[in-house]
Amino acid sequence: MAGRAQIATKSSALIAMIADEDTVTGFLLAGVGNVDIRRKTNYLIIDSKTTVKAIEDAFKEFTTREDIAVVLISQYVANMIRFVVDSYNKPVPAILEIPSKDHPYDPAHDSVLSRVKYLFSAESVASGRR
């Protein structure tokens, strides 16, 4: 395997997680976790003691880090900071709301899905289709 090209560290990107312990643990076991030299992780485990301010701060940190390409956030956690999630409008890192074990997915609360529906409805109105 000596001829195989290695992925450069600067061009690779991480997936960040904000979710309950079971969801984060599953993704950590799949290899998503990372701890850098400053002991900063790319995940936040939410429990009953986690404050909304801590969730908001983690979301803002993950969306401003250069090494993160995708932020996975449990939908029920995203609902706690819905105003911040809905105001985020950059393409990278992409925000993806996921279900958790105790909280099923609700498409009515998904910010990405609502934006897609809005774009398709605006596109159909602009083109004269209904």
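Residues numbered from 1 in each chain as written. Predicted model: local features only at pLDDT ≥ 70, side-chain atom pairs only at ≥ 80, totals over all residues. Heavy atoms only, no water.

Looking at an unreviewed UniProt entry, one finds the protein named V-type proton ATPase subunit F, with Trapa natans as its source organism. The UniProt entry for the protein carries the following comment under Sequence similarities (unreviewed entry): "Belongs to the V-ATPase F subunit family." Quoted verbatim from the Subunit (unreviewed entry) heading of the UniProt record, the comment on the protein is "V-ATPase is a heteromultimeric enzyme made up of two complexes: the ATP-hydrolytic V1 complex and the proton translocation V0 complex." (UniProt positions renumbered as here; feature names shortened; annotations may be inferred.)

Moving on: helix α2 (residues 52–64). For α2, which comprises 13 residues, the first-to-last C-alpha distance of 18 Å matches the rise-based estimate of 18 Å (1.5 Å per residue) to within 8%. Of all the positions in α2, only Ile55, Glu56, Ala58, Phe59, Phe62 and Thr63 are classed as buried. Down the axis of α2, the smallest arc covering the buried residues is 160 degrees, so these residues share one side. Exposed positions of α2 whose direction lies more than 90 degrees from the buried face are Lys53 and Thr64. Buried positions along α2 lie against β1 (14–20), β2 (43–46), β3 (68–74), α3 (75–80), α4 (82–87) and β4 (94–98). (Helix = DSSP H or I, 4+ residues; strand = E, 2+ residues; numbered from the N terminus. Expected span 1.5 Å × (residues − 1). Buried < 20%, exposed > 50% of the residue type's maximum accessible area, 1.4 Å probe, protein only. Arc of directions from axis to C-beta. Contact = heavy atoms within 4.5 Å.)

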